[in-house]
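Spelled out, the chains give:
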Amino acid sequence: MSGADILVQVLADEGVDTIFGYSGGAILPIYDAVFRFNEEHGASMPLIVPANEQGAGFMAAGFARASGRVGVALVTSGPGATNMVTPVRDCMADSVPIVLICGQVPTTAIGTDAFQEAPVPSIMGAVAKHVFLITDPAKLEATVRTAFEIARTGRPGPVVLDVPKDVQNWRGVFHGSGRLPIPGYRQRMKRLEASKLPEAACADLFAALSVAKRPLIYAGGGVINAGASAELREFSGRLQIPVVTTLMGIGAVDTTSALSMRMLGMHGAAFANYAVEDCDCLLAFGARFDDRVAGNVAKFAPQAKFIAHIDIDASEIGKVKRVNWSHVGLMTEALLDLLDYAKRKDFQRDWSAWHRHCDELRTKHAMNFDRDSDLIQPYYVIESINKLTRGEAIITTGVGQHQMWAAQYFDFCSPRLWLTSGSMGTMGFGLPAAVGAQMARRDRLVIDIDGDASIRMNIGELETVTTYDLPVKIVVLNNFGDGMVKQWQKLFHKGRLSASDKSLHTKDFVKAAQADGFKFAVRVEKKSDLERVIEEFIHFPGPAFLEVLIDRDAGVYPMVGPGQGYDEMITGEHIASRTEVVISVPDASEMF
Ligand SMILES: Cc1ncc(C[n+]2csc(CCOP(=O)(O)OP(=O)(O)O)c2C)c(N)n1
Ligand SMILES: [Mg+2]
């Protein structure tokens, strides 16, 4: 077989059923091999072609995030590969497994500044979980298989395969098995997989819990990546411990459940942040005390006498916050070990006073906004969509205020429904991620909640939606500019809106969508039209586009400023702040 045929056969063996990518000279043999494979096997590996390789990267990421499977992207050398740098870094930062296959100039031309040559191993080496430059064609088959193994095991991440054209055209024997020897990595994985929580460690954790009066779980994306949401729900439910999640952890527990205290952090719910302020025992599961959560590390969870941390990545333990107890291992197994211990010891505590306190926080400091405003408030848009989708839709976003409003006001009943560029915060993520998610989950309603600036970044992918007739729903919350940037400029730069106001821009989003073949493309300007149009929009059977002209001055609240503690949180006009309101339990330390 040719190297290209071998590579495609390994993809098929790995269960790949969708490839996102853009062709070009240095990758032609593999594109041809995919074509022939599909001819023989009834289009079992469709190629989804974006407008720009960055789109393919975020499609593969959306596919991976929605399904938990490895996303695959296939691009040419030089500019094709460099257009993928942002999605690869984005996947690394959010621990998303993808395999990116890049064409490369022939081995003899590498280093000569050949046509469309780029130093992919050095560029991607800095941003990917791992990069292979395949110079020995005899190792191609094993390397492709190993790339999938590395992408999906341990802390998941992006793996890049740089495949010179002569390696694609080489002819050799397909073995059907075999991987590269990567003994160090495999030993680490084996240790992780075998890691049981020792009885003594369980005893220590439960000893801390037994004296805790206000325990809180702080769950991150690691729980979802590990497929441990069910175990987390069981753990939290059995022990009756409330849960806050990070932006990446949204959906790990059902946000509508009694024990969910929703999202914490810079734009977390006020009640979530107050719960963090008040807790005396914090269990961090698959979370990493990121600066959007612990902007001021010393002031984070100031009353927690005991902090426990479970993570798959040893380098996260103690990286930001010193903890009292830690375990490096698989999340599912760790939670099952803890549950098993709790059952065997019949561990039970009455935390009803703490539950009442959390309920009170939730009621008194509920999310809210100006409901009487004549202008369309973005929160109202999300609430209205949420009334129809009820926590069951896949939501993707761009980056900015709209992203935070979506995180705050949508419900999520299950994991892998909330797809957002968390750590990198990459504008332009939403639309291609929605395409990838819809390819992975044909049965689900997929909605991209986008910003007018974010959608511009990959607006070419509107056409991809209609080309493949994907019933993706796109909402642009148009505030005529980079709203989040404006919010910071108002707060920290005396309102000088340097390069962030777009009120003089002339883009007609509806016409743009129509030009790309959208049969449903509607702009809403009046509040009274909103609910009716949203109903039509959500129930439209094909691709649909909705632009909503929102209050340009709407802000994201609450907000904990960068570097600040939660005690400095501002909650805006419509969410009650604890420093202004008298609550029945003003000093958490005196609660019990
Ligand atoms: C690729 C990229 N460039 C710049 C930024 C910085 N940035 C963060 S939010 C934002 C504004 C986003 O505007 P829009 O998409 O309209 O969302 P809004 O905040 O208005 O809801 C910018 C420029 C970024 N996150 N990503
Ligand atoms: Mg905007």
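Predicted, not measured: the structure shown is a model, and the values here were computed from it.

What counts and what doesn't
Each chain has its residues counted from 1, following the order in which its sequence is written. Chains carry letters from A onward and ligands carry numbers from 1 onward, assigned in written order. Owing to the predicted nature of the model, reporting of local features is limited to residues with pLDDT of at least 70; listing and counting of side-chain atom pairs is limited to 80 or more, with chain, interface and lining totals taken over all residues. To obtain the side-chain values, all non-hydrogen atoms of the structure were used and water was disregarded. Secondary structure elements follow DSSP: runs of H or I no shorter than four residues count as helices, runs of E no shorter than two count as strands, and numbering proceeds from the N terminus. A radius of gyration in this sense is built from C-alpha atoms; the matching globule rule multiplies 2.2 Å by the number of residues raised to 0.38. Working definition: with a 1.4 Å probe on protein chains only, accessible area under 20% of the residue-type maximum means buried, over 50% means exposed, and in between means partly exposed. The contact rule is simple, with two residues in contact once any of their heavy atoms fall within 4.5 Å. All accessible-area figures derive from a Shrake-Rupley calculation using a 1.4 Å probe, and residue coverage is judged against the displayed protein chains alone. His is not counted, nor are the chain ends, whereas Lys and Arg count as positive and Asp and Glu as negative. For the purpose of locating charges, the reference atoms are NZ of Lys, CZ of Arg, CG of Asp and CD of Glu. The pairing test for Phe, Tyr and Trp rings, Trp by its six-membered ring, is centres within 6.5 Å, and the orientation test on the planes gives stacked under 30 degrees, edge-to-face over 60, and tilted for anything in between. Metal donors: N, O and S atoms at distances within 2.8 Å, or within 3.2 Å for Na, K and Ca, with water omitted from the atom set so that some sites may seem incomplete. Under this definition, polar contacts are N or O atom pairs within 3.5 Å; protein pairs additionally need one hydrogen-donor-capable and one acceptor-capable atom, and for neighbouring residues in sequence, both atoms have to be side-chain atoms. When DSSP finds two or more bridges between a pair of strands, those strands are recorded as paired. By convention in these notes, a residue is near a molecule or strand provided one of its non-hydrogen atoms lies within 4 Å of it. Salt bridge, as used here: a side-chain nitrogen of Lys or Arg that lies within 4 Å of a carboxyl oxygen of Asp or Glu. The patches described consist of residues with a relative accessible area above 30% and no salt bridge, like charges being joined within 9 Å and nonpolar side chains (Val, Leu, Ile, Met, Phe, Trp, Tyr) within 5 Å. Between the N-to-C directions of two axes lies an angle of 0 to 180 degrees, each axis being a line fitted to C-alpha atoms and, for a helix, fitted only over the stretch in contact. On a scale of 0 to 100, pLDDT captures the predictor's confidence in every residue. Here the bend at a residue means the angle between the axes of two seven-residue stretches, the one that ends at it and the one that starts at it. In this description, a nonpolar core means a group of buried Ala, Val, Leu, Ile, Met, Phe, Trp, Tyr and Cys residues linked to one another through side-chain atoms lying within 4.5 Å.

### Topic: the overall build of the protein chain
- A tally of regular secondary structure across the protein chain gives 23 helices and 18 strands.
- A compact globule built from 592 residues should have a C-alpha radius of gyration of about 25 Å, and the protein chain, at 25 Å, falls within 12% of that.
- Its C-alpha atoms put the protein chain at 75 × 60 × 40 Å along the principal axes.
- The buried share of the protein chain, reckoned over its 592 residues, is 58%.
- Of all intrachain contacts in the protein chain linking residues separated by at least 6 positions in sequence, the fraction that spans at least 24 positions is 77%.
- Total accessible area on the protein chain is roughly 22,800 Å²; 51% of this is exposed by carbon and sulfur atoms.
- Averaging the coordinates of the 59 positive side-chain charges in the protein chain and doing the same for the 69 negative ones gives two points 3 Å apart.

### Focus: the packing of aromatic side chains
- For the structure on display, the rule yields 20 aromatic pairs.
- Here the aromatic residues F206, Y341, F347 and W351 are joined through ring pairs into a cluster of three or more.

### Some words on the coordination of the magnesium ion (ligand 2)
- On the protein side, the magnesium ion (ligand 2) has D452 (OD), N479 (OD1) and G481 (O) as donor atoms, found 2.1 Å from it.
- Mapping the donors of the magnesium ion (ligand 2) onto the primary sequence yields the spacing D-x26-N-x1-G. Residue D452 is found in helix α19 (residues 452-457), and its partner N479 is found in the loop between β16 (473-478) and α21 (483-492); the two are separated by 27 residues along the sequence.
- Accessibility expressed as a relative area gives 6% for N479, which makes it buried.

### Some thoughts on the environment of Q54
- Among the secondary structure elements, Q54 is positioned in helix α3 (residues 53-67).
- Spatially, the C-alpha atom of Q54 lies 48 Å from that of A203, the residues being 149 residues apart in sequence.
- Setting aside its immediate chain neighbours within four residues, Q54 contacts N83, T86, P87, M427 and N458.
- At 3.0 Å, the side chain of Q54 and the side chain of N458 are in polar contact.

### Here we look at the pairing of strand β3 (residues 71-75)
- Within β3, five of the five residues are buried, leaving the element largely enclosed by the surrounding structure.
- Every second residue of β3 is oriented toward a common face, with G71, A73 and V75 on one face and V72 and L74 on the other, all of them buried.
- Bridge analysis of strand β1 (residues 19-21) against β3 gives two bridges, and the strand direction is parallel. Bridging across to β3, G21 finds its partner in L74.
- Bridge count for β3 against strand β4 (residues 98-104) is five bridges, and the pairing is parallel.

### A word on the site of ligand 1
- Not every one of the 17 residues close to ligand 1 is listed here, only the nearest: Q401, G425, S454, G483 and M484.
- Measuring from an oxygen atom of ligand 1, one finds a backbone N or O atom of Q401 at 2.8 Å.
- Within the contact set of ligand 1, a nitrogen atom lies 2.8 Å away from a backbone nitrogen or oxygen of G425.
- Notes on ligand 1: free accessible area 590 Å², of which the protein chains cover 77%.

### Examining the pattern of salt bridges
- Overall, the coordinates contain 36 salt bridges when judged by the stated rule.
- Put simply, E316 and K319 hold a salt bridge, and the shortest N to O gap is 3.1 Å.
- The buried category is assigned to E316, whose relative accessible area is 7%.
- Of the residues examined, K319 reaches a relative accessible area of 47% and is grouped as partly exposed.

### A look at a nonpolar patch on the surface
- There is a patch of nonpolar side chains on the surface, built from L491, F492, Y557 and I570 and spanning about 350 Å² of accessible area.
- Assignment of secondary structure puts I570 in the segment after β18 (544-549).
- With relative accessibility at 37%, the residue I570 sits in the partly exposed group.

### Re the environment of A4
- Assignment of secondary structure puts A4 in helix α1 (residues 3-13).
- Here A4 falls in the buried class, since its relative accessible area comes to 1%.
- Spatially, the C-alpha atom of A4 lies 4.6 Å from that of Q168, the residues being 164 residues apart in sequence.

### Topic: the sheet that holds strand β10 (residues 281-285)
- Judged by pairing direction, the sheet is parallel, and its six strands sit side by side in the order β9-β8-β7-β10-β11-β12 without closing on themselves. Bordering the open sheet on either side are β9 (260-263) and β12 (325-328), each of which pairs with just one other strand. Adjacent strand axes in the sheet meet at a mean angle of 15 degrees when their direction is disregarded.
- Strand direction decides the pairing type here: β10 and strand β11 (residues 306-311), joined by five bridges, are parallel. Each residue of the ladder has a partner; that of F285, found in β11, is I310.

### Here we look at the confidence of the model for the protein chain
- When pLDDT is averaged along the protein chain, the result is 96; 98% of the residues meet or exceed 70.
- Between residues 581-592, whose pLDDT stays under 50, and residues either more than four places distant or in other chains, the model counts 23 contacts.

### Some points on helix α23 (residues 527-539)
- At V533, α23 is deflected by roughly 30 degrees, the largest bend along its length.
- Looking only at α23, the buried set comprises L530, V533, I534, F537 and I538.
- Residues of α23 that are buried sit in contact with α16 (378-389), β15 (446-451), β16, β17 (520-524) and β18.

### Focus on a negative patch on the surface
- Together, D370, D372, D374 and E573 make up a negatively charged patch on the protein surface.
- Classification of D374 as exposed rests on a relative accessible area of 74%.

### A word on the nonpolar core
- The biggest cluster of nonpolar side chains holds 157 residues, and the ones touching the most others in it are F235 and F300.
- The dominant element in this core, judged by the number of residues it contributes, is α3, at eight residues.
- Each residue touching F300, except ones within four places of it in the same chain, is listed here: Y218, L264, V276, L282, F289, V293, A294, K321 and Y566.

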